[in-house]
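What the coordinates show
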Amino acid sequence: MSGSQGVTALCENPTEVFLDVSKLLITYADNILRNPNEDKYRSIRIGNPTFSTKLLPVKGAVECLFEMGFEEAETHLVFPKSASVERLRQVRETIAAERDQRLGASKAASSQQSARVPPSPAPPPLPSASSAAAVPTPAPAPAALPFTSSSVTFLRTLQSNFQHVLIYESPELQQKALNCIPHELLRTRAKERLKQAKGADPVCTLGEKDMLILDLLQWFKGDFFSWVDNLPCSRCGGATQPSGSLLPSNDDLRWDAGRVENHYCHTCQLSTRFPRYNHPEKLLETRKGRCGEWANCFTLLCRALGLEARYIWDSTDHVWTEVYSQSQRRWLHCDPCENTCDKPLLYEVGWGKKLSYILAFSKDQVVDVTWRYSCKHPEVLSRRTQVQETWLLHKLNGLNATRQQSLGAERKQQLLQRLLVELVEFISPKTSTSGELGGRISGSLAWRVVRGETGASNTEGDAQECVFIPTKSEKQNKLFHICYNVIKNCYFRQSNDQETIPGWQRGAWRTENMFRKEEQDWQMVYLARTEGSSFGRISWKFNCAPVGMKIKSASVRAFSQTFHSGSIRWSLRSAETTIEFPGGLFSQMVNCTPLQVCPEAMS
């Protein structure tokens, strides 16, 4: 079919991959052709496992759907009533003809192969003693390993990313990137940040480059790069809606933009093109995109500043960067979209992602780093079904052995030592920190909700059910004073004992859909409802009955702020009554034994 770039790209896949995916595409088309009035066949959910794992990763597959007439909505691909059924039929027949031809060729090859005995493969060359000591020896190929379309796709992803990261090593490109960075300003800020850290902790062992990473992250998100959901209309500046794909131009292809999104303005009837550039040099100019563009460009900037960095690919559709800390002798998780450093459990615990494969690609090495990002190793292992573990180990070792052939013995030994440190780290699952509990902040809310990355709601097991009871000195003074400092994330109990309780959850009676958010861009810290939830609740409970006392009066100083259509309701609750009050300073005669302070945030 002339002019069908999606079908052309699909045909470039290996036969096993093509046959698997073409069957799905033909099924989607036949469902519409046979049932033209059934709406359920005109919609494909993006989160559907069949779509996301078998079709989305394959070159040309999604493009074929767009060429059939499907359009992109927030959570689905939709075949609108206005779309051309004849166009759908043409694309379907083109794919079916290629499929029939390949099936015929496969049968012919199979019959010829059965007529002769295949020669025995030559054994792989054995590594020398010196190279075996410095580089992990490639694992022997697993016996009788089935050749599947998923393994072909996975291998292509490995090879593509491993090749792509070599772009970051171009001296000319690094210099161009360095010219975009206010590196002298960032280094000055890093020195000041390190001075403050050593002032607060005299035994601090962090280095200036550790602080430079933090300042680079903050500058990149705050001043350099911008997130794109829908581009404004290039004519009127109004809102646009995604409407399928456009054919890439020669200039788009030059900068590795095989996909061009169509952002359509219904006011002007104008299409604004959004090429998804994959070449970091072009991204230094456009300075916009989604997580792929962010991580791609940020990793280049790290290399331009002399930081050892690697590109991190997550099979559940996210990418970020890791930077090696010489002072800490470990790799640090860095997500430029979130302006986050060293919070590896953010995705599993905070966003609620169901992780499976996470791989790190650098100029010298590819490493399976999945276990750094999970505290639920058995669950993750149960989801790693795309390829066999022995196959993956064999391929990673083979890629590394090939890439490291030209390295000196000292560098090989250094990489091996770092790998051993990582493997030891992966053995013990981590414990999440407060900074890893929030949902995703980059991208539109609708986009985060459909991807399930707004954060998990608090479960009953998270509730500490803390009850404050007066101490001996508080009973004697007849004064009970509790203060929560959101910046220090600590409760201060102003009695003779000067008790402190770290962590906002440890002092709460009940919580639901709440988390503590550190907003680095705006230098703000606050307790808020989990984004995507319609409400959030938190309450604190005070009980004087165990020490034979009653609460005569209560004064509450509470500060709250809302955005957009949100609202917050504060209340004092006792066994007898509930009193609602606004934020600020509030005093009330209570004369009761148990008392609860309850703010409730509503969307």
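Please read these numbers as outputs of a predicted model, since none were measured by experiment. In this numbering scheme, every chain counts its residues from 1 along its sequence in written order. Owing to the predicted nature of the model, reporting of local features is limited to residues with pLDDT of at least 70; listing and counting of side-chain atom pairs is limited to 80 or more, with chain, interface and lining totals taken over all residues. Side-chain metrics in this entry use all non-hydrogen atoms of the structure; hydrogen atoms and water are not considered.

What follows deals with the side chain of Ser-374. Helix and strand assignments follow DSSP, with helices taken as H or I runs no shorter than four residues and strands as E runs no shorter than two, numbered in order from the N terminus. With respect to the helices and strands, Ser-374 occurs in the loop between strand 14 (366–368) and helix 15 (377–383). Burial classification: accessible surface area is computed with a 1.4 Å probe over protein chains only, and a residue below 20% of its type maximum counts as buried, one above 50% as exposed, and the rest as partly exposed. A relative accessible area of 0% places Ser-374 in the buried class. For this analysis, a polar contact is any N or O atom pair within 3.5 Å, provided that within protein one partner can donate a hydrogen and the other can accept it, and provided that sequence-adjacent residues contribute only side-chain to side-chain pairs. Among the polar contacts listed, one links the side chain of Ser-374 to the side chain of Glu-348, at a separation of 2.8 Å. Aside from chain neighbours lying at most four places away, what touches Ser-374 is Leu-345, Glu-348, Val-380, Pro-429 and Lys-430. The contact rule is simple, with two residues in contact once any of their heavy atoms fall within 4.5 Å.

For Phe-559, the position within the fold is in the loop between strand 23 (551–558) and strand 24 (567–573). Each C-alpha atom, one on Phe-559 and one on Pro-582, is 9.3 Å from the other, the two residues being 23 residues apart in sequence.

A few words on the sheet that holds strand 2 (residues 71–72). In this analysis, strands are considered paired if DSSP registers two or more bridges between them. Read from one edge to the other, the open sheet built from 3 strands follows the order 1-3-2, with strand pairing classed as antiparallel. Of all strands in the sheet, those with a lone pairing partner are strand 1 (43–45) and strand 2, marking the two edges. Where strand 1 lies against strand 3 (residues 76–78), 3 bridges are found, and the strand directions are antiparallel. Bridging across to strand 3, Arg-45 finds its partner in His-76.

In this section: the nonpolar core. Counting residues in hydrophobic clusters, the biggest one holds 56 residues, and the most contacted among them are Phe-154 and Phe-220. Broken down by element, this core gets its largest block of residues, 9 residues, from helix 13 (residues 291–304). Discounting residues that sit within four places of it in the chain, Phe-154 has contacts with Trp-313, Tyr-357, Leu-359, Gln-386, Val-387, Trp-391 and Leu-392. Here, the term nonpolar core denotes a set of buried Ala, Val, Leu, Ile, Met, Phe, Trp, Tyr and Cys residues that are joined through side-chain atoms within 4.5 Å. Among the nonpolar cores identified, the runner-up in size contains 31 residues, and Ala-29, Val-58, Leu-77 and Val-91 belong to it.

Take Gly-237: it is sitting in the loop between strand 4 (226–227) and strand 5 (241–246). Gly-237 gets classed as partly exposed once you look at its relative accessible area, which sits at 48%. Between the C-alpha atoms of Gly-237 and Cys-268, which are 31 residues apart in sequence, the distance is 9.9 Å.

Across the 9 residues that make up strand 22 (residues 535–543), a large majority, 8, are buried. As paired elements, strand 15 (residues 467–468) and strand 22 share 2 bridges and run parallel to each other. Along strand 22, the bridge assignment pairs Phe-468 with Phe-542. Pairing between strand 19 (residues 510–512) and strand 22: 3 bridges, direction antiparallel.

Among the secondary structure elements, Asp-364 is positioned in the loop between strand 13 (358–361) and strand 14. For Asp-364, a relative accessible area of 5% translates into the label buried. Among the polar contacts made by the side chain of Asp-364, one reaches the side chain of Arg-411 at a distance of 2.8 Å. Contact partners of Asp-364, with chain neighbours within four places excluded, come to Phe-162, Asn-400, Arg-403, Gln-404, Leu-407, Arg-411 and Leu-415.

Turning next to the confidence of the model for the chain. Of the residues in the chain, 80% reach a pLDDT of 70 or more, and the chain-wide mean stands at 81. Here pLDDT means the predictor's own confidence in every residue, given as a number from 0 to 100. Here helix 6 (residues 129–134) is the element of the chain with the lowest mean pLDDT, 32, and strand 13 is the one with the highest, 98. Scored below 50 in pLDDT, residues 444–451 makes 21 contacts in the model with residues more than four places away or belonging to other chains. For the stretch residues 456–463, pLDDT sits under 50, and the model shows 11 contacts to residues farther than four places along the chain or on other chains.

The 6 strands lie next to each other as 12-11-10-9-13-14, forming an open sheet whose pairing is antiparallel. Taken across any chain shown, the strands that pair with only one partner, and hence form the sheet edges, are strand 12 (340–341) and strand 14. Of the pairings in the sheet, the one linking strand 13 to strand 14 comprises 3 bridges and is antiparallel in character. Considered in strand 14, the bridge of Ala-360 is made with Val-367. Helix axes are fitted only over the stretch in contact, all axes being lines through C-alpha atoms; the angle between N-to-C directions runs from 0 to 180 degrees. Each of strand 9 (309–314), strand 10 (318–325), strand 11 (330–335) and strand 14 touches helix 17 (residues 409–427); the most contacted strand, strand 14, lies at about 15° to it.

Let us look at the pattern of salt bridges. Salt bridge, as used here: a side-chain nitrogen of Lys or Arg that lies within 4 Å of a carboxyl oxygen of Asp or Glu. With the rule as written, the count across this model stands at 31 salt bridges. Linking Glu-93 and Arg-92 is a salt bridge whose minimum nitrogen-to-oxygen distance equals 3.2 Å. Taking the relative accessible area as the measure of exposure, Glu-93 reaches 42% and is therefore partly exposed. According to the relative accessible area criterion, Arg-92 is buried, its value standing at 15%. Its salt-bridge partner being Arg-276, residue Glu-293 comes within 2.7 Å of it at the nearest N-O pair. Highlighted residues: Glu-293 in helix 13 and Arg-276 in the loop between strand 7 (270–275) and helix 12 (280–286), separated in sequence by 17 residues. Classification of Arg-276 by relative accessible area gives partly exposed; the value is 23%. Salt bridges here are not isolated pairs; linked through shared partners, they connect Glu-308, Lys-363, Asp-364, Arg-411 and Arg-418.

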